[in-house]
Amino acid sequence: GAVVSQHPSWVICKSGTSVKIECRSLDFQATTMFWYRQFPKQSLMLMATSNEGSKATYEQGVEKDKFLINHASLTLSTLTVTSAHPEDSSFYICSASGLDLYNEQFFGPGTRLTVL
Amino acid sequence: KNQVEQSPQSLIILEGKNCTLQCNYTVSPFSNLRWYKQDTGRGPVSLTIMTFSENTKSNGRYTATLDADTKQSSLHITASQLSDSASYICVGVSGTYKYIFGTGTRLKVLA
């Protein structure tokens, strides 16, 4: 149980276009979802936290108008990178958390974004 | 300031050997400490979770220890296999949801 999927697994786009990444909890209801970014050989950096039906909370330094997060249901959250630029190229990972003893976050497999 | 430091940064061992990875943490308020395995190009997968009162926890060939007094944790891998090649990430959890990630130890197991 506790499977989180992401789609697409990789995407290549031109500079200036927008890209949407989906994160789904397949077998549980995720009250909270998290979006992380990971650059090569670095650890995961939290971008934002979202609760179903409410606005996302962004970490300091993350542009909310550039990284649009929607958490419309208990099983789906989306991250849209608007007007992507090469510096946005990264590995984006989502995680989902339901209500359990440890508030466990279950991580998705990640999405590799390359902006040309 | 909440932070998690791991050592070594990278490690190469021969198949069948044991190894121990280290983690020092400063996390407040402390909730629990986790170890994750992350294969290249994949998301992290949980190995162990330990709360303040737990000193050791095992998951197959992985054994984690926690010393809450010195704020240190270790992950011991027994009889390593080629498939153990990955990054191992120590995560301190503060409060309800705040995950503080270490930079990881990149382990390479050679045949």
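Undergrad: With reference to specific residues and values, describe the packing of aromatic side chains.
TA: Inspection of the entire model under this criterion finds 10 aromatic pairs over all chains. A centroid spacing of 5.6 Å and a plane angle of 65° characterise the contact between F28 of chain A and F106 of chain A, whose relative ring orientation is edge-to-face. Taken together, the residues span a long stretch of sequence, with F28 of chain A in the loop between strand 3 (19–25) and strand 4 (32–38) and F106 of chain A in strand 10 (residues 106–107) at a distance of 78 residues. For F28 of chain A, a relative accessible area of 16% translates into the label buried. Look at F106 of chain A and you get partly exposed, because its relative accessible area is 25%. An aromatic cluster is defined as three or more aromatic residues linked by ring pairs; in this entry it consists of Y36 and F107 of chain A together with Y36, Y99 and F101 of chain B.

Undergrad: Give me the environment of T17 of chain A: which residues, what numbers.
TA: All names here are of chain A. In this structure, T17 sits in the loop between strand 2 (10–13) and strand 3. In this structure the C-alpha to C-alpha distance between T17 and H85, which are 68 residues apart in sequence, comes to 8.3 Å. Apart from residues lying up to four places away in sequence, T17 is in contact with V81, T82, S83 and A84.

Undergrad: Please give an account of the interface of chain B and chain A that cites residues and values.
TA: Between chain B and chain A, the contact holds 22 residues from the first and 20 residues from the second. Approximately 1700 Å² of surface area, both sides summed, lies buried where chain B meets chain A, with 53% of it carried by carbon and sulfur atoms. Considering only the surface of chain B that becomes buried against chain A, Y97, Y99 and F101 of chain B emerge as the three largest contributors, covering 32% of it. The interface formed by chain B and chain A includes two salt bridges. Connecting chain B to chain A are six residue pairs in polar contact (both at pLDDT 80 or more). The set of elements that each furnish at least two residues to the side of chain B that touches chain A consists of strand 4 (30–38), strand 5 (45–51) and strand 10 (98–101) of chain B. Looking at which element gives the most residues to the side of chain B that touches chain A, the answer is strand 4 of chain B, with four residues.

Undergrad: I'd like a rundown of the nonpolar core, residues and numbers included.
TA: Counting 24 residues, the largest nonpolar core has W35, F67, L79, Y92 and L113 of chain A as the members making the most contacts within it. Of all elements in the fold, only strand 2, strand 3, strand 4, strand 5 (45–51), strand 7 (67–73), strand 8 (76–81), strand 9 (90–97) and strand 11 (111–115) of chain A reach the threshold of two or more residues within this core. When residues no more than four places from it in sequence are discounted, the contact partners of L79 of chain A are V19, K20, I21, W35, F67, L68, I69 and Y92 of chain A. Counting residues in hydrophobic clusters, the runner-up holds 23 residues, among them Y25, L33, L66 and I77 of chain B.

Undergrad: Before we move on, could you go through the sheet that holds strand 1 (residues 3–7) of chain B and cite the residues and values that matter?
TA: All names here are of chain B. On the basis of which strands lie adjacent, the open sheet formed by five strands has the order 1-3-8-7-6 and antiparallel pairing. Each edge of the open sheet carries a strand with a single partner, namely strand 1 and strand 6 (56–59). With direction set aside, neighbouring strand axes in the sheet form an average angle of 15°.

Undergrad: Could you give an account of the confidence of the model for chain B, with specific residues and numbers?
TA: Averaged over all residues, the pLDDT of chain B equals 95, while 100% of them reach at least 70. Across chain B, the secondary-structure element scoring lowest on mean pLDDT is strand 10 of chain B, at 92, and the one scoring highest is strand 8 (residues 72–77) of chain B, at 98.

Undergrad: Let's hear about the sheet that holds strand 8 of chain A: which residues, and what values?
TA: All names here are of chain A. Taken together, four strands build an open sheet; the order of strands is 1-3-8-7 and the sheet is antiparallel. Among the strands making up the open sheet, the edge pair consists of strand 1 (4–7) and strand 7. Averaged over all adjacent pairs, the angle separating strand axes in this sheet is 15°, with direction ignored. Note: strand 7 against strand 8, five bridges, orientation antiparallel. Bridge pairing in strand 8 links F67 to V81.

Undergrad: With reference to specific residues and values, describe the layout of surface pockets.
TA: Empty space among the atoms can be located by rolling a probe the size of a water molecule over them. Considering only enclosed or pocket space, the largest pocket measures out at about 410 Å³ in volume. Lining the largest pocket are 20 residues, and of these Q38 and K41 of chain A together with T40, S87 and R106 of chain B lie nearest its centre. Elements with a minimum of two residues in the lining of the largest pocket: strand 9 (86–94) and strand 11 (105–110) of chain B. The element that contributes the greatest number of residues to the lining of the largest pocket is strand 9 of chain B, accounting for three residues.

Undergrad: An account of a nonpolar patch on the surface is requested, with residue identities and associated values reported.
TA: Residues and elements named next belong to chain A. On the surface, a cluster of nonpolar side chains totalling about 390 Å² of accessible area is made up of W10, I12 and L116. The residue L116 is located in the segment after strand 11 in this model. For L116, a relative accessible area of 62% corresponds to the exposed category.

Parameters and conventions
- Residues numbered from 1 in each chain as written.
- Chains lettered and ligands numbered in written order.
- Predicted model: local features only at pLDDT ≥ 70, side-chain atom pairs only at ≥ 80, totals over all residues.
- Heavy atoms only, no water.
- Phe/Tyr/Trp six-rings, centres within 6.5 Å; stacked < 30°, edge-to-face > 60°.
- Helix = DSSP H or I, 4+ residues; strand = E, 2+ residues; numbered from the N terminus.
- Buried < 20%, exposed > 50% of the residue type's maximum accessible area, 1.4 Å probe, protein only.
- Contact = heavy atoms within 4.5 Å.
- Buried area = accessible area lost by both parts, 1.4 Å probe.
- Salt bridge = Lys/Arg side-chain N within 4 Å of Asp/Glu carboxyl O.
- Polar contact = N/O pair within 3.5 Å; in protein donor to acceptor, adjacent residues only side chain to side chain.
- Core = buried A, V, L, I, M, F, W, Y, C linked by side-chain atoms within 4.5 Å.
- Pairing = 2+ DSSP bridges.
- Axes fitted to C-alpha atoms, helices over the stretch in contact; angles between N-to-C directions.
- pLDDT = per-residue confidence, 0-100.
- 1 Å grid on protein atoms, 1.4 Å probe; cavity = no way out; pocket = protein on both sides within 12 Å on 5 of 7 lines; lining within 4 Å.
- Points joined across faces, edges and corners; volume = space filled by probe spheres on them.
- Patch = residues over 30% accessible without salt bridge, like charges linked within 9 Å, V, L, I, M, F, W, Y side chains within 5 Å.
- Areas by Shrake-Rupley, 256 points an atom, 1.4 Å probe, with all protein chains shown as cover.

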